[in-house]
Amino acid sequence: MDKTDILSLSCDELENIMINSLCEKKFRAKQIYNWLHVKNVLDFSEMTNISAGLQARLNDIFCIKRLNIIRKLESATDNTVKYLYGLADGNIIESVVMEYNFGISICVSTQVGCKMGCDFCASAIAGYVRSLEASEILLQMYEAQKDTGKRISRIVLMGIGEPLDNYDNVVKFIRLVTAPEGCNLSQRHITLSTCGIVPGIDKLAKENLSVNLAVSLHNASDKGRSAIMPVNRKYGLDELIPACERYEKQTGRRVTFEYAVIEGVNSSSEDAKRIAALLKNMICHVNLIAVNTVKERSYASEEKTVRRFQAQLEKLGVNATIRRKLGSDIDAACGQLRRELEAVRGDNVESTD
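What you see is a predicted model, and the numbers here were worked out from it, not measured in a lab.

The rules we used
Residues numbered from 1 in each chain as written. Predicted model: local features only at pLDDT ≥ 70, side-chain atom pairs only at ≥ 80, totals over all residues. Heavy atoms only, no water. Buried < 20%, exposed > 50% of the residue type's maximum accessible area, 1.4 Å probe, protein only. Helix = DSSP H or I, 4+ residues; strand = E, 2+ residues; numbered from the N terminus. Pairing = 2+ DSSP bridges. Right-handed = clockwise from strand over helix to strand, strands pointing away. Axes fitted to C-alpha atoms, helices over the stretch in contact; angles between N-to-C directions. Contact = heavy atoms within 4.5 Å. pLDDT = per-residue confidence, 0-100. Polar contact = N/O pair within 3.5 Å; in protein donor to acceptor, adjacent residues only side chain to side chain. Expected span 1.5 Å × (residues − 1).

Enquirer: Explain the pairing of strand β13 (residues 284–290) to me, please; I cannot follow it from the model alone.
Expert: Of all 7 residues making up β13, 6 are buried, and the element is well covered by its neighbours. Direction of pairing for strand β12 (residues 255–261) relative to β13: parallel, over a ladder of 7 bridges. For Thr256, the partnering residue across the bridge sits in β13 and is His285. What joins β12 to β13 is helix α10 (residues 269–278), and the crossover it makes is right-handed. As defined by bridge partners, β13 adjoins strand β14 (residues 320–322) across 3 bridges and the pair is classed as parallel. Among the inter-strand pairings, Asn287 is bridged to a residue of β14, identified as Thr321.

Enquirer: Is there a simple way to think about the sheet that holds β12 in this case?
Expert: The pairing of strands in a sheet happens through backbone hydrogen bonds and is either parallel or antiparallel. The sheet built from 10 strands is open, its strands ordered β3-β4-β5-β6-β9-β10-β11-β12-β13-β14 with mixed pairing. Two strands lie at the open edges of the sheet, namely β3 (68–74) and β14, each paired on one side alone. The mean inter-strand angle of the sheet, taken between neighbouring strand axes irrespective of direction, is 20 degrees. Two strands pair when backbone bridges link them, and β3 and strand β4 (residues 81–86) are joined in this way by 6 bridges, in the antiparallel orientation. Bridge pairing links Arg71 to Leu84 in β4. The strands that helix α5 (residues 134–148) touches are β3, β4, β5 (92–100), β6 (103–107) and β9 (154–157); relative to β4, the one it contacts most, it runs at about 125 degrees. Helix-sheet contacts for helix α9 (residues 237–251) involve β11 (212–216) and β12, and the interaxial angle to β12 is about 140 degrees.

Enquirer: Is there a simple way to think about the confidence of the model for the chain in this case?
Expert: Any region with low pLDDT has predicted coordinates that should not be read closely. Of the residues in the chain, 89% have a pLDDT of 70 or more, and the chain-wide mean is 90. Contacts from residues 347–353, a stretch scored under 50 in pLDDT, to residues over four places away or in other chains number 12 contacts.

Enquirer: It is not clear to me how the side chain of Asn219 should be interpreted in this structure. Could you clarify?
Expert: Along the chain, the position of Asn219 falls in the loop between β11 and α8 (222–228). Among the polar contacts listed, one links the side chain of Asn219 to the backbone nitrogen of Ser221, at a separation of 3.1 Å. Those residues in contact with Asn219 that lie beyond four places of it in its chain are Gly224, Arg225, Leu237, Tyr259, Val265, Asn266 and Asp271.

Enquirer: So what exactly am I meant to see when it comes to α5 here?
Expert: For α5, built from 15 residues, the straight-helix expectation of 21 Å at 1.5 Å per residue is met to within 8% by its first-to-last C-alpha distance of 22 Å. Counting buried positions along α5 gives 12 out of 15 residues, so the element sits mostly inside the fold. When we look at burial in α5, the residues that qualify are Ala134, Ser135, Glu136, Ile137, Leu138, Leu139, Gln140, Met141, Tyr142, Glu143, Ala144 and Gln145. Following α5 by one or two positions, Gly149 adopts a phi angle in the positive range, close to 75 degrees.

Okay, here's the thing in structure tokens:
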């Protein structure tokens, strides 16, 4: 019999099992939940206020998943830390811990690889393998906190994978990490980034969550966007923008549009005018990004081009900022380290650095 992934259970789900399957008192669930999500133990034997008999029964029906740090890179310039994690099935994922004035933030992966095929992204080149369980998303944060000794106060679901393509596990993760019995992280400190899966945006708007939505725009014309983002061929701008407007109205949360400024592709004054026209009815924010260098692609950004583009947008009344580039000396953009390691080792990850 396959064991149940206990880290992916809510406190209510755990209570139900305690009462109805194990004939234990309700309070046991909260004790166990605290050990897992506050003290972050990885073995039932470490739960010292749980009897040895119950520990054995828990071990019979549950498993506590874990991640192994395969590689860790630390920036010499800005305290950014990039982790390459090994999963139980041998797959590998990445997450990045970033230090800001307002606290510590982590960018987590939601899938092993990605199906979306965005032309400028290293994650797409490595290919899609599978979606992550809620516990595997959660453990990226837990392991990073253990390793750094610092509390993480903000989460960005912007690493490898498309969060809305792993909808159920991502929503379960959000509810777990914000549960008052566990980490109790504010939902307003979580940002979910999507390439624009319209049904997922509408579904998320109805979840009664207060998470921030970031949408990868990268071009304000259907022709230009479809050329670099295949998702636009299914959900064009005429569907995407109204879905973002609905999200804003339903949740009261301002939508951010991510825009990687690519030389000769989407950085002209006409591109800026198209963005202004597209977003004119929304209270939103445009986050400009200097595109990361990917060996297999020829896309590039110059700082002066990004700054000029920002000035053009602001002149047109668009609220636009430039994302601070962190961890450039350790290839901190999503997918780069995983891609590099797979190229060297293939699919077999056994040793550690």
